[in-house]
Amino acid sequence: MSGAPASVAAADVERVFRDDYGRAVATLTRLLGDLGLAEEAVQDAFAAALATWPRDGVPANPAGWIVTTARNRAIDRLRRESTRQQRHEQAWTLNAPEDAQEVGPVRDDRLRLIFTCCHPALSPAAQVALTLRMIAGLRTDQIARCFLVPETTMAQRIVRAKNKIAAAGIPYRVPRDADLPDRLRSVLSVVYLVFNEGYVASTGEALGDADLAGEAIRLGRLLVDLMPDEPEARGLLALMLLTESRRAARTDDDGALVRLPDQDRTRWDAALVAEGQEHVRWCLRRGRPGSYQVQAAIAAVHSDADTAADTDWRQVLALYDQLMSIAPSPVIALNRAVAVGEVHGPADALREVDALPLADYHLLHAVRADLLARLGRRDEARAAYDAAMALTGNAAEREFLAGRRARA
Amino acid sequence: MPLYLLSVCYPADAQQPEPERLQRIMADVGAWRDAVVARGSWVFGGGLHDPSTATTVLDRDGEVLLTDGPFIEAKEQIGGITVIEAADLDEAIEMASAQSRATTTPIEVRPFMHGGTG
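Residues numbered from 1 in each chain as written. Chains lettered and ligands numbered in written order. Predicted model: local features only at pLDDT ≥ 70, side-chain atom pairs only at ≥ 80, totals over all residues. Heavy atoms only, no water.

(A) Structural detail: the overall build of chain B. A count of helices and strands for chain B gives two helices and six strands. Ordered by position from the N terminus, the helices and strands of chain B form the series β-α-β-β-β-β-α-β. Each principal axis of the C-alpha distribution contributes one length, and for chain B these read about 45 × 40 × 20 Å. Burial status across chain B gives 27% buried among its 118 residues. (Helix = DSSP H or I, 4+ residues; strand = E, 2+ residues; numbered from the N terminus. Buried < 20%, exposed > 50% of the residue type's maximum accessible area, 1.4 Å probe, protein only.)

Here you go:
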């Protein structure tokens, strides 16, 4: 590919960066034993790629080229900076005859890096930032824009987290079996947090140039790829795919929110639905249900219905019962009450809603308002819509509730 | 091997536990200490007298200023410290969890600089 146009080579660098940044950092972290050094080395390698690929062409194995170059740059850097004996020794270990391009360890490297970035000794905000930076390969300014914080704030958050990993000795390894369920939960919740951030933001103004929901799905696919036997990882991916499949139908032409029962289901993304449902079926066959899997199964029941009226609400209710036994929470009880309203009627549902300790949660009042309206208690319904509107911070949602109130 | 400081934290206004409960806690803490010693992770540690027994010392150009009481006036206090050796934070957290079960208080885990050697 010698003599490729510079723009093509630059696009190749960009693509390799997106696909292989996390992989390269993971491998270098194993070789160097230090996340910060690994990142510097990989960035050096990508800078070198930008300088040489347009001139010499894109190498046959771009990812391998990046790892090898990063390793050589790290050796150079350590030699240059080795004022301390320790650094000399580090440079020597790098020269050990170990092939940095092997496939097996690389796979484990990425898993190790994910568990390091999502270590529960780091705050959830730091876990999210590190994961997007190290695994997804987003730039700090992109992450900052996604979370509406100044770039310096996000940069400090990432530096602080990296310092803590090094200083406190947060290990770079896949947790022991005994710790794995807890630690995996922490990883999955980081990915779901990223997804929900993208999902909510997309109803408002456009934010930044990174698509967080898309990044979360990419991370979800990576987790399933790295841990194919973990049903909850697959459940999370299915849940995200099925939710994302409705994106186009979730807002109307004016950008206003459209509720699930009112959505134009022909606008659902059939490929994402099929992929999500395939994962749900895999989970059902596996028979080790967990919170994400059951939520995905509920989403799959909705995806099965060609119209809202075709929804199998009895199955939805049965799944919510299962969810309440696995991971009981007032918010899930509220969603279950909606299913109760469809199966047993609004009076039963209202009784359940009124027993929930969620007075400050706008959706409780929105659900209550809908149920009251169905019961013909219009004044109470309007008051409940008012309460919901007063509690929501999202403009699109407030507008939507105002519309419901006007029709009540 | 990295060194970690484990600090036993408790609210400054906490009452001393009932004698029976205190005895139970002391026994549990003793068992925890024995276990940490047995795994070869024990470096140093012990309980501290009440913060009101502290003296704060500041040397300014050879002039020593003494203050009666702790330097940090806080709602939380440190009741005792332990220095342990651990391979990494996960191992330190494992020992801190067992200590927290014994003391029934939060435990702060903090790494020493340069593995405690300087």
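From this point, things continue past the structure.
(B) Representation of unusual backbone geometry in the model. Although it is not a glycine, Leu148(A) sits at a positive phi angle of roughly 55°. Topologically, Leu148(A) is positioned in the loop between helix 7 (140-146) and helix 8 (151-168). Look at Asp61(B): it is not a glycine, yet its phi comes out positive at around 50°. As for its position among the elements, Asp61(B) is in the loop between strand 3 (55-60) and strand 4 (63-68).

(C) Seen up close, the interface of chain A and chain B. Residue-level contacts link 10 residues of chain A with seven residues of chain B. Summing the contributions of chain A and of chain B, the shared interface buries around 660 Å²; its carbon and sulfur component is 47%. Where chain A meets chain B, there are four salt bridges. Measuring nitrogen to oxygen at the nearest pair gives 3.5 Å for the salt bridge that ties Arg176(A) to Glu94(B). Inspection of the region where chain A meets chain B yields five residue pairs in polar contact (both at pLDDT 80 or more). Classifying every residue of the side of chain A that touches chain B gives five nonpolar, two polar and three charged. (Contact = heavy atoms within 4.5 Å. Buried area = accessible area lost by both parts, 1.4 Å probe. Salt bridge = Lys/Arg side-chain N within 4 Å of Asp/Glu carboxyl O. Polar contact = N/O pair within 3.5 Å; in protein donor to acceptor, adjacent residues only side chain to side chain. Nonpolar A, V, L, I, M, F, W, Y, C, P; charged D, E, K, R; others polar.)

(D) Geometry of the pattern of salt bridges. Counted according to the given criterion, the structure contains 39 salt bridges over all chains. The salt bridge partner of Glu39(A) is Lys162(A), with a shortest N-O separation of 2.3 Å. Residue Glu39(A) is located in helix 2 (residues 35-56), and its partner Lys162(A) is located in helix 8; the two are separated by 123 residues in the primary sequence. With relative accessibility at 3%, the residue Glu39(A) sits in the buried group. Looking at Lys162(A), the relative accessible area reads 19%, which means it is buried. Put simply, Arg176(A) and Asp179(A) hold a salt bridge, and the shortest N to O gap is 2.8 Å. Here the salt bridges do not stand alone but share partners, grouping Arg176(A), Asp179(A), Arg39(B), Glu91(B) and Glu94(B) into one network.

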